[in-house]
Amino acid sequence: PVLPIYTYGTPALRRKAQPVKTLSDDVIQLIMDMFETMHYANGIGLAATQVGNLWRVVVIDLSEMEETKDLKPIVLINPVVVSQEGSWTMEEGCLSIPDVRDDVERIGKLRVQFKNVDFRDTELEAAGLLGRVILHEIDHLNGVLFLDHLPPDKKKLHNPLLRKIQKGEFEVPYPVVTAVEVAV
Ligand code: NI
């Protein structure tokens, strides 16, 4: 099923996810639900913490984008960046922070180790958009949001919109959990 996505201000987004030890039925179900949720929300990446889960699981699908249309959907379990090179800046957004976008500087080229959907050790070299999405999603597993990378004065400019999100005053075409709901 499509899972509700936790939005800015919910404590779930600030939790640190824990390594997956075995590929249990629950983990497999989570992976399927995360793909369903990400596709439903028209996202290109989703981390387990965004659906209130605390396993280190990320799903990515860039096949809808012209320049990455040949890239198959990827599951990264327990991802760890093992090498990095260079940096570049691009505008980012996040399903958990509707309508907020800003430039984020990130590593340009990286290698990431993870377990794949068969729970086999895998290593992948990624640059460009794929590398960026991997880093954005690993951040989520550590309770970090793209906004945290902005200089304080730039981040401040988003405060009016962020307060609205925290109050649940926004509309998106996918189910969400807002900070107001979890505060009750
Ligand atoms: Ni995000």
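Since we're looking at a predicted model, the values are computed, not measured.

Backbone-to-backbone hydrogen bonds join strands into a sheet, with any given pair of strands oriented parallel or antiparallel. Read across the open sheet, the five strands follow the order β2-β3-β4-β5-β6; overall the sheet is antiparallel. Two strands close off the open sheet at either side, each with one partner strand: β2 (45–47) and β6 (121–127). Strand-to-strand, the axes of this sheet are offset by a mean angle of 30°, without reference to chain direction. Relative to β6, strand β5 (residues 102–115) runs antiparallel, the two being bridged by seven bridges. Bridge pairing in β6 links Arg 111 to Glu 125. Strands β2, β3 (57–60) and β4 (74–92) of the sheet are contacted by helix α1 (residues 25–40), whose axis makes an angle of about 40° with β3. The strands touched by helix α2 (residues 128–141) are β2, β3, β4, β5 and β6; relative to β4, the strand with the most contacts, the crossing angle is about 120°.

To continue, consider the coordination of the nickel ion. Note on the nickel ion: its protein donors are Cys 94 (SG), His 136 (NE2) and His 140 (NE2). The metal-donor distances range over 2.1 to 2.2 Å. The sequence pattern formed by the donor residues of the nickel ion is C-x41-H-x3-H. Of this pair, Cys 94 sits in the loop between β4 and β5 while His 136 sits in helix α2, and the two are 42 residues apart along the sequence. Both residues of the pair, Cys 94 and His 136, belong to the buried class.

Turning our eyes to something else, we now look at the environment of Thr 49. Mapped onto the fold, Thr 49 is located in the loop between β2 and β3. Assessed through its relative accessible area of 0%, Thr 49 is described here as buried. Measuring from C-alpha to C-alpha, the distance between Thr 49 and Glu 137 comes to 9.3 Å, with 88 residues separating the pair along the chain. In this view, Thr 49 contacts Ala 12, Leu 13, Arg 15, Ala 17, Leu 54, His 140 and Leu 141; residues no more than four positions away in its chain are not counted.

Looking now at the pairing of β3. Burial of the side chains of β3 extends over both faces: Val 57 and Val 59 are buried on one face and Val 58 and Ile 60 on the other. Bridge count between β2 and β3: three bridges; the pairing is antiparallel. Looking at β3, one finds that Gly 45 is bridged to Ile 60. Inspection of the sheet shows β3 paired to β4 by four bridges, in the antiparallel sense. Bridge pairing in β4 links Ile 60 to Ile 74.

Reading the values: the criteria
- Residues numbered from 1 in each chain as written.
- Predicted model: local features only at pLDDT ≥ 70, side-chain atom pairs only at ≥ 80, totals over all residues.
- Heavy atoms only, no water.
- Pairing = 2+ DSSP bridges.
- Helix = DSSP H or I, 4+ residues; strand = E, 2+ residues; numbered from the N terminus.
- Axes fitted to C-alpha atoms, helices over the stretch in contact; angles between N-to-C directions.
- Contact = heavy atoms within 4.5 Å.
- Donors = N, O, S within 2.8 Å, 3.2 Å for Na, K, Ca; no water.
- Buried < 20%, exposed > 50% of the residue type's maximum accessible area, 1.4 Å probe, protein only.

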